[in-house]
Amino acid sequence: MKYIKAAIPSGTELVVPEGEYFSRFECTYSSIKRHAVDADVFLGWTIPEGIPEISKNLKMLSYFHSGVDDLGEIGFLAHAKKCGIKIANVRGANAIAIAEQTMMFVLALAKQTVARNEASRERLRSFPLFAEETRSAMLSGQTIGVIGVGKIGSHIAKCAKGFDMRVLGVRRNKDRHDEYVDSMHGMDELHSVLAQCDYVVLAAPHTSQTFQFLGEAELAVMKSSAFLVNCARGALIEEQSLHKALTTGRLRGYAADVWPYYAWPRSFPAQMEPRLQLHRLPNVIGSHGEAHNADGLLERYIEFGLENVLEFINGTPLSREVSLDLGY
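Residue numbers here run from 1 along each chain, matching the order of that chain's written sequence. In keeping with the predicted nature of the model, local features appear solely for residues at pLDDT of at least 70, side-chain atom pairs appear and are counted solely at 80 or more, and the whole-chain, interface and lining totals rest on all residues. Excluded from the side-chain calculations are hydrogens and water; all other atoms, namely the structure's heavy atoms, are used.

**Q** Please clarify how the overall build of the protein should be interpreted in this entry.
**A** Helix numbering and strand numbering both begin at the N terminus, where a helix is a DSSP run of H or I of at least 4 residues and a strand a DSSP run of E of at least 2. Scanning the protein from N- to C-terminus turns up 12 helices and 10 strands. C-alpha atoms define the radius of gyration in this analysis, and the globule rule sets the expected value at 2.2 Å times the number of residues to the power 0.38. A compact globule built from 328 residues should have a C-alpha radius of gyration of about 20 Å, and the protein, at 22 Å, falls within 12% of that. Along the three orthogonal principal directions, the C-alpha set of the protein runs to about 70 × 40 × 35 Å. Evaluated residue by residue, the protein yields a buried proportion of 45% over its 328 residues. Contacts spanning at least 24 positions in sequence make up 63% of the contacts within the protein whose residues lie at least 6 apart. Working note: accessible area of the protein is about 17,800 Å², and carbon and sulfur atoms make up 52% of it. Residues counted as positive are Lys and Arg, residues counted as negative are Asp and Glu, and His and the chain ends are not counted. Each charge is placed at NZ for Lys, CZ for Arg, CG for Asp and CD for Glu. Averaging the locations of the 35 positively and 38 negatively charged side chains of the protein gives two centres separated by 2 Å. Categorising residues by exposure relies on relative accessible area from a 1.4 Å probe, with only protein chains included: less than 20% of the type maximum marks a residue as buried, more than 50% marks it as exposed, and the intermediate range marks it as partly exposed. In what follows, residue pairs with any heavy atoms lying within 4.5 Å of each other are defined as contacts. Here, Shrake-Rupley sampling with a 1.4 Å probe gives the accessible areas, and only protein chains in the shown set may cover a residue.

**Q** How should I be thinking about the pairing of strand β2 (residues 60–63) in this particular structure?
**A** Within a regular strand, the side chains alternate between the two sheet faces. Of the two faces of β2, the one lined by Met 60 and Ser 62 and the one lined by Leu 61 and Tyr 63 are each fully buried. Two strands make a pair as long as DSSP finds a minimum of two bridges between them. Note: β2 against strand β3 (residues 86–88), three bridges, orientation parallel. The partner of Leu 61 across the bridge, within β3, is Ile 87.

**Q** Help me understand the sheet that holds β2, please; the structure alone is not making it clear to me.
**A** What holds strands together in a sheet is hydrogen bonding between their backbones, with the strands either parallel or antiparallel. Here three strands make up an open sheet; going across it, the order is β1-β2-β3 and the pairing parallel. Edge positions in the sheet fall to β1 (41–44) and β3, since each of these pairs with one other strand and no more. Neighbouring strand axes in the sheet, compared pairwise and without regard to direction, differ in orientation by 10° on average. Between N-to-C directions, angles span 0 to 180 degrees; the directions come from axes that are lines fitted to C-alpha atoms, helices contributing only their stretch in contact.

**Q** Looking at this structure, how should I read the packing of aromatic side chains?
**A** How two aromatic rings sit relative to each other is given by the distance of their centres and the angle of their planes. Ring pairs shown here join Phe, Tyr and Trp side chains whose ring centres sit within 6.5 Å, with only the six-membered ring taken for Trp; geometry is labelled stacked below 30 degrees between planes, edge-to-face above 60, and tilted in between. If you walk through the whole model with that rule in mind, you get two aromatic pairs. Ring plane angle 90° and centroid distance 4.5 Å describe the contact between Trp 45 and Phe 64, whose orientation is recorded as edge-to-face. Taken together, the residues span a long stretch of sequence, with Trp 45 in the loop between β1 and α3 (51–54) and Phe 64 in the loop between β2 and α4 (69–73) at a distance of 19 residues. One exposure class covers both Trp 45 and Phe 64, and it is buried. Here Tyr 199 and Phe 227 contribute two aromatic rings whose centre-to-centre distance is 5.6 Å and whose plane-to-plane angle is 25°, an arrangement assigned as stacked. Residue Tyr 199 is found in strand β7 (residues 199–202), and its partner Phe 227 is found in strand β8 (residues 227–230); the two are separated by 28 residues along the sequence. Given the relative accessible area of 3%, Phe 227 is considered buried. Whether a charge lies above a ring is judged from NZ of Lys or CZ of Arg, which has to be within 6 Å of the ring centre and within 35 degrees of the ring normal. Over the aromatic face of Tyr 262 sits the side chain of Arg 275, whose NZ or CZ is 4.0 Å from the ring centroid. Arg 320 extends its terminal NZ or CZ atom over the ring of Phe 304, reaching a point 3.9 Å from the ring centre.

**Q** What is the right way to look at the environment of Ala 217 in this model?
**A** Inspection of the secondary structure puts Ala 217 in helix α10 (residues 216–221). Through-space distance from the C-alpha of Ala 217 to that of Ala 235 is 16 Å; in sequence the pair is 18 residues apart.

**Q** It is not clear to me how the sheet that holds β7 should be interpreted in this structure. Could you clarify?
**A** What the seven strands build is an open sheet, ordered β6-β5-β4-β7-β8-β9-β10; its pairing is parallel. If you trace the sheet from one side to the other, it starts and ends with β6 (183–185) and β10 (284–286), each paired once. The mean angle between the axes of side-by-side strands here comes to 15°, regardless of whether they run parallel or antiparallel. Of the strand pairs in this sheet, strand β9 (residues 253–256) and β10 are connected by three bridges, and their pairing is parallel. In the strand pairing of β10, Ala 256 is matched with Gly 286. Of the strands in this sheet, β7, β8, β9 and β10 are in contact with helix α6 (residues 95–110), which crosses β8 at around 155°.

**Q** I tried to follow the layout of surface pockets on my own but got confused; where do I start?
**A** Regions of empty space are outlined by a rolling probe, equal in size to a water molecule, passed over the atoms. With a 1 Å grid laid over protein atoms only, a set of points is called a cavity when a 1.4 Å probe fits there but cannot get out and a pocket when it is open yet has protein on both sides within 12 Å along at least five of seven lines; lining residues have an atom within 4 Å of a point. Grid points are joined across faces, edges and corners, and a volume is the space filled by probe spheres set on the points. Taken as a whole, the second largest pocket holds about 1,100 Å³ of empty space. Along the wall of the second largest pocket there are 37 residues; nearest its centre are Leu 14, Val 15, Val 16, Val 41 and Leu 43. Broken down by secondary-structure element, the contributors of at least two residues to the lining of the second largest pocket are α1 (2–7), α2 (29–36), β1 and α12 (297–313). Take the lining of the second largest pocket: its biggest share by element is five residues, from α12. Partitioned by chemical class, the residues of the lining of the second largest pocket number 27 nonpolar, four polar and six charged. Charged residues are taken to be Asp, Glu, Lys and Arg, nonpolar residues to be Ala, Val, Leu, Ile, Met, Phe, Trp, Tyr, Cys and Pro, and polar residues to be all remaining types, Gly included.

**Q** What is the right way to look at the packing of α6 against helix α8 (residues 151–162) in this model?
**A** Packed helix pairs are specified by the crossing angle of their axes together with the interaxial distance, meaning the distance between the axes. Across the interface, α6 lies against α8 with an axial gap of 8 Å and an inter-helix angle of 50°. By the angle class used here, α6 and α8 are oblique. Crossing angle aside, the handedness with which α6 passes α8 is right-handed. For the pair α6 and α8, contact is made by Ala 95, Ile 96, Ile 98, Ala 99, Thr 102 and Met 103 and by Lys 151, Ile 152, His 155, Ile 156, Cys 159 and Ala 160, respectively. Considering only residue class, the contact of α6 with α8 consists of nine nonpolar, two polar and one charged. Angles are sorted into four bins: roughly parallel if under 35 degrees, roughly antiparallel if over 145, roughly perpendicular if 65 to 115, and oblique for all others. Note on convention: near helix rotated counterclockwise from far helix by under a right angle means a left-handed crossing. Clockwise means right-handed.

**Q** Can you help me understand the pattern of salt bridges in this one?
**A** Pairs can form between side chains of opposite charge whenever their charged atoms are close. The term salt bridge refers to a pairing of a side-chain nitrogen on Lys or Arg with a carboxyl oxygen on Asp or Glu at a separation within 4 Å. Within the structure shown, the criterion is met by 10 salt bridges. Between Asp 69 and Arg 233 there is a salt bridge whose closest N-O contact spans 3.2 Å. Within this pair, whereas Asp 69 is found in helix α4, its partner Arg 233 is found in the loop between β8 and α11 (239–247), the two being separated by 164 residues in sequence. Look at Asp 69 and you get buried, because its relative accessible area is 17%. A salt bridge links Lys 174 to Glu 189; the shortest N-O distance between them is 3.4 Å. Of this pair, Lys 174 sits in the loop between β5 (166–170) and β6 while Glu 189 sits in the loop between β6 and α9 (190–196), placing them 15 residues apart in sequence. Here Lys 174 falls in the partly exposed class, since its relative accessible area comes to 39%.

Dropping the structure here:
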């Protein structure tokens, strides 16, 4: 709080939710309704349902997340577009942490880290040596596809080049060059890219266009020896097809920081874990949304969020403004 007060211009009234709540993600309608009515700017992690409708003076939201798909779920993106409210996120704040976690997953899958740790505990050795099912995969000289080359995807590409990997990128605008990507492609070339990859990383935002865009057809064109890593959103993958690929040998392994999220009313029953128990398969590893839980990240979120607010107050273009049409 002291850091925020010191950063904002003098004369700016700073108010916070009233009462007690479990976490910074869980403030309630009743805790902020008195202040929300007059607020010009929101700064934080969450917006309770019903608050946008009473916030008649609201002009800008500085959102402490990289993704804004949950704002779409509660209808705030449409509300902001209708009312002329600007939204800025903190994209890039967690890019290095997520990229490091992603490369950890790539290495853990390739080197069979979990299985070998368990074998080591039991003092077991791989036998026969160099058998296909026991030897490690390599990164050097292999091809990695990064689907979604934004801030996070670019850092992943940079890390991959450090392992002498060939990097293929897929993004909405393939004409936007990235210095760490050997070849950039559009979404219409997705199948061609997937067929070439030994490793595929999903780093795309969750929008109506990317919802479950990776399904049976996409998994079918991938190499059976390939590994898939999801550091973005669980909703990018169709779970039933992924489960089938992992249990039939169609796909070698899968790692995820995110699991499918089945929310009411789109799904029933509502749940925040894989319906088909993906996380329990022997060729799957995960971190349950902990990739961003790293040194310095909280401070970086606040720093980026405040930069958004200061840009807005000073009337300068928002460097991290969210496109309300694209949803990211």
